[in-house]
Amino acid sequence: QVQLVESGGGLVQAGGSLRLSCAASGRTFSSSGMGWFRQAAGKAREFVGAIDWRGSSTIYADSVKGRFAISRDNAKNTVYLQMNSLKPEDTAVYYCAGRSIGGYPYTGANLYDYWGQGTQVTVSS
């Protein structure tokens with residue numbers, strides 16, 4: 001069983017930065033594609049970005065491209081989401097997700113098997 005625990009959320013002013021971390025337990029982390037999703041109040045969960053198992057390939061939603069960056073440290077079983085130039089519309093609960101098998105950067109939420117509990121990010125204007 002893989003467990004994911006996000007941290008690093010908080011309140012930040014527009015234009016600021018935050019770095020989210022997702023710590024994973026389990027032996028499959030280093031071979032798993034990992035994703036970040038977010039869900040704003042009253043809205044559906046949406047894809048933010050994903051990274052392959054080696055950390056060499058990433059993909060992002062158009063809304064965050066150029067502002068957000070995903071990285072991972074397999075030695076620490078941790079994936080990161082660096083968020084820069086934050087906007088009020090980035091306000092949401094952010095979730096990390098992992099696959100039990102498969103190392104690609106998947107974009108569909110239904111392709112992930114494990115989810116963290118989420119961390120709140122609030123961007124004030």
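Everything that follows concerns the structure shown earlier in this document.
About the cut-offs
- Residues numbered from 1 in each chain as written.
- Predicted model: local features only at pLDDT ≥ 70, side-chain atom pairs only at ≥ 80, totals over all residues.
- Heavy atoms only, no water.
- Helix = DSSP H or I, 4+ residues; strand = E, 2+ residues; numbered from the N terminus.
- Rg over C-alpha atoms; globule rule 2.2 N^0.38 Å.
- Buried < 20%, exposed > 50% of the residue type's maximum accessible area, 1.4 Å probe, protein only.
- Contact = heavy atoms within 4.5 Å.
- Polar contact = N/O pair within 3.5 Å; in protein donor to acceptor, adjacent residues only side chain to side chain.
- Disulfide = S-S within 2.5 Å.
- Pairing = 2+ DSSP bridges.
- Axes fitted to C-alpha atoms, helices over the stretch in contact; angles between N-to-C directions.
- 1 Å grid on protein atoms, 1.4 Å probe; cavity = no way out; pocket = protein on both sides within 12 Å on 5 of 7 lines; lining within 4 Å.
- Points joined across faces, edges and corners; volume = space filled by probe spheres on them.
- Nonpolar A, V, L, I, M, F, W, Y, C, P; charged D, E, K, R; others polar.

Trainee: Just checking my understanding: could you explain the overall build of the chain for this structure?
Mentor: Along its length, the chain carries zero helices and eleven strands. Listed by position from the N terminus, the elements making up the chain come as β-β-β-β-β-β-β-β-β-β-β. Taken over the C-alpha trace, the chain has a radius of gyration of 13 Å; the compact-globule value for 125 residues is 14 Å, and the two agree within 12%. Looking at the chain residue by residue over its 125 residues, the buried ones come to 46%.

Trainee: Sorry if this is basic, but what is going on with the environment of Gln 120 here?
Mentor: As for its placement among the helices and strands, Gln 120 is situated in strand β11 (residues 119-124). Residue classification places Gln 120 among the partly exposed positions, given a relative accessible area of 39%. Between the C-alpha atom of Gln 120 and that of Leu 11, which follows or precedes it by 109 residues, the distance is 8.3 Å. Once you skip the residues sitting within four places of it in the chain, Gln 120 turns out to touch Gly 9, Gly 10, Thr 91, Ala 92 and Val 93.

Trainee: Any chance you could explain the side chain of Arg 67 here in plain terms?
Mentor: With respect to the helices, strands and loops of the structure, Arg 67 is situated in the loop between β6 (58-60) and β7 (68-73). A distance of 2.8 Å separates a polar side-chain atom of Arg 67 from the backbone oxygen of Ser 63. The contact partners of Arg 67, leaving out residues within four places of it in the chain, are Gln 82, Met 83, Asn 84, Ser 85, Leu 86, Lys 87 and Asp 90.

Trainee: Sorry if this is basic, but what is going on with the state of the cysteines here?
Mentor: A disulfide bridge is the covalent bond that connects two cysteines by way of their sulfur atoms. Tallying each qualifying case throughout the model produces one disulfide. Cys 22 shares a disulfide with Cys 96; S-S distance 1.9 Å. When the S-S torsion is 50°, as for the bridge of Cys 22 with Cys 96, the disulfide is right-handed. One end of the pair, Cys 22, is in strand β3 (residues 18-25); the other, Cys 96, is in strand β9 (residues 92-98), with 74 residues separating them in the sequence. Given the relative accessible area of 0%, Cys 22 is considered buried. According to the relative accessible area criterion, Cys 96 is buried, its value standing at 0%.

Trainee: Just to check I follow, could you spell out the sheet that holds strand β1 (residues 3-7) for this structure?
Mentor: Backbone-to-backbone hydrogen bonds pair the strands of a sheet. The strands run either parallel or antiparallel. Taken in spatial order, the four strands of this open sheet run β1-β3-β8-β7, and their pairing is antiparallel. Looking at strand neighbours, the two that pair on one side only are β1 and β7, the edges of this open sheet. Each strand of the sheet is rotated relative to its neighbour by a mean of 15°, with strand direction disregarded. With five bridges connecting them, β1 and β3 associate as antiparallel partners.

Trainee: So what exactly am I meant to see when it comes to empty space enclosed by the protein here?
Mentor: Sizing a probe to match a water molecule and rolling it over the atoms shows the empty space that remains. Here the structure, examined in full by the defined rule, presents one cavity of 30 Å³ or more. Computed from the structure, the largest cavity encloses a volume of approximately 40 Å³. Per-class residue counts for the lining of the largest cavity are six nonpolar, three polar and one charged.

Trainee: Quick question: what am I supposed to make of the pairing of strand β5 (residues 46-51) here?
Mentor: Moving residue by residue along a regular strand, the side chains alternate between the two faces of the sheet. When you tally the buried positions in β5, you get five out of six residues, the bulk of the element. Sheet analysis places strand β4 (residues 34-39) next to β5, joined by five bridges and oriented antiparallel. Residue pairing in the sheet places Trp 36 in a bridge with Gly 49 of β5. Sheet topology note: the β5/β6 ladder contains three bridges and is antiparallel. In the strand pairing of β6, Ile 51 is matched with Thr 58. Where β5 folds back on β6, the antiparallel hairpin that results is connected by six residues, among which Gly 55 adopts a positive phi of roughly 85°.

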